[in-house]
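Coordinate inspection notes
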Amino acid sequence: MAKAGSSTAKGAMAASDMPCGPCATKGQTPVVNGTVKTVDGVQVVEIGIKDEAYTPNVFAAKAGAPIKVVFTGKASACLAKPTFPKLNKSTNLGATGSGTIDLGALTPGTYELTCGMGSHGGNLVVQ
Ligand SMILES: [Cu+2]
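Residues numbered from 1 in each chain as written. Predicted model: local features only at pLDDT ≥ 70, side-chain atom pairs only at ≥ 80, totals over all residues. Heavy atoms only, no water.

Focus: the confidence of the model for the protein chain
The condition that has to hold: How sure the predictor is of each residue is captured by pLDDT, a score from 0 to 100. We call two residues in contact whenever any of their non-hydrogen atoms come within 4.5 Å of each other.
Residues at a pLDDT of 70 or more form 76% of the protein chain, whose mean pLDDT is 83. Of the regions scoring below 50 in pLDDT, residues 1–17 engages in 16 contacts with residues more than four places distant in sequence or in other chains.

Looking at the nonpolar core
Heads up, the rule is: For our purposes a nonpolar core is just a set of buried Ala, Val, Leu, Ile, Met, Phe, Trp, Tyr and Cys residues, chained together by side-chain atoms within 4.5 Å. Exposure categories follow from relative accessible area, calculated using a 1.4 Å probe and restricted to protein chains: below 20% of the type maximum is buried, above 50% is exposed, and the middle band is partly exposed. Counting from the N terminus, the helices are the DSSP runs of H or I reaching at least four residues and the strands are the DSSP runs of E reaching at least two.
By size, the foremost hydrophobic cluster in this structure holds 23 residues, and its most contacted members are Ile67, Val69 and Leu124. Mapped by element, the contributors of at least two residues to this core are strand E2 (42–50), strand E4 (58–61), strand E5 (66–73), strand E8 (98–105), strand E9 (109–114) and strand E10 (120–126). Ignoring sequence-local partners within four residues, the contact set of isoleucine 67 consists of Gln43, Val45, Ala61, Lys62, Ile101, Asp102, Leu103, Gly104, Leu106, Leu124 and Val126.

Section: the packing of aromatic side chains
Applicable threshold: Pairing of aromatic rings covers Phe, Tyr and Trp, the last through its six-membered ring, and needs centres within 6.5 Å; plane angles under 30 degrees mean stacked, over 60 mean edge-to-face, and all others mean tilted. Here, a charge over a ring is recorded when the distance from Lys NZ or Arg CZ to the ring centre is within 6 Å and its angle to the ring normal is within 35 degrees.
For the structure shown, the criterion picks out 1 aromatic pair. Directly above the aromatic system of tyrosine 111 lies the positively charged group of lysine 86, at a separation of 4.9 Å from the ring centroid.

Details of the pattern of salt bridges
Here is the rule we go by: We count a salt bridge whenever a side-chain nitrogen from Lys or Arg sits within 4 Å of a carboxyl oxygen from Asp or Glu.
Within the structure shown, the criterion is met by 1 salt bridge. Note that glutamate 46 and lysine 37 form a salt bridge whose closest N and O atoms lie 3.5 Å from each other. On the basis of relative accessible area, lysine 37 is assigned to the partly exposed category, the value being 41%.

Encoded structure:
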């Protein structure tokens, strides 16, 4: 069952059920495990990469105020392209191992974080 049943506008790597190694099974924590810092009115979400997974990976942020997601750590393969598919935003951690995604101010909802292959990597819950 490696085929995506339906494709969306987010590009060629849309198969959320596609296995992609360790990251596919480690990012499933359902509880909030990260802290959101507010710096000059911007909500800053800091995500590290540990044992081939985004860590921490579940955050609660407030609606209506800008959100910036900062990645640091050593990422390989698909993990090096963290993506918020719903928002069509991603970054490439490439050689530096760090990157930032500006999400802007969001409306309430759950925004999934995936690796570059579309496997679940975490959630940003906006309330
Ligand atoms: Cu992956």
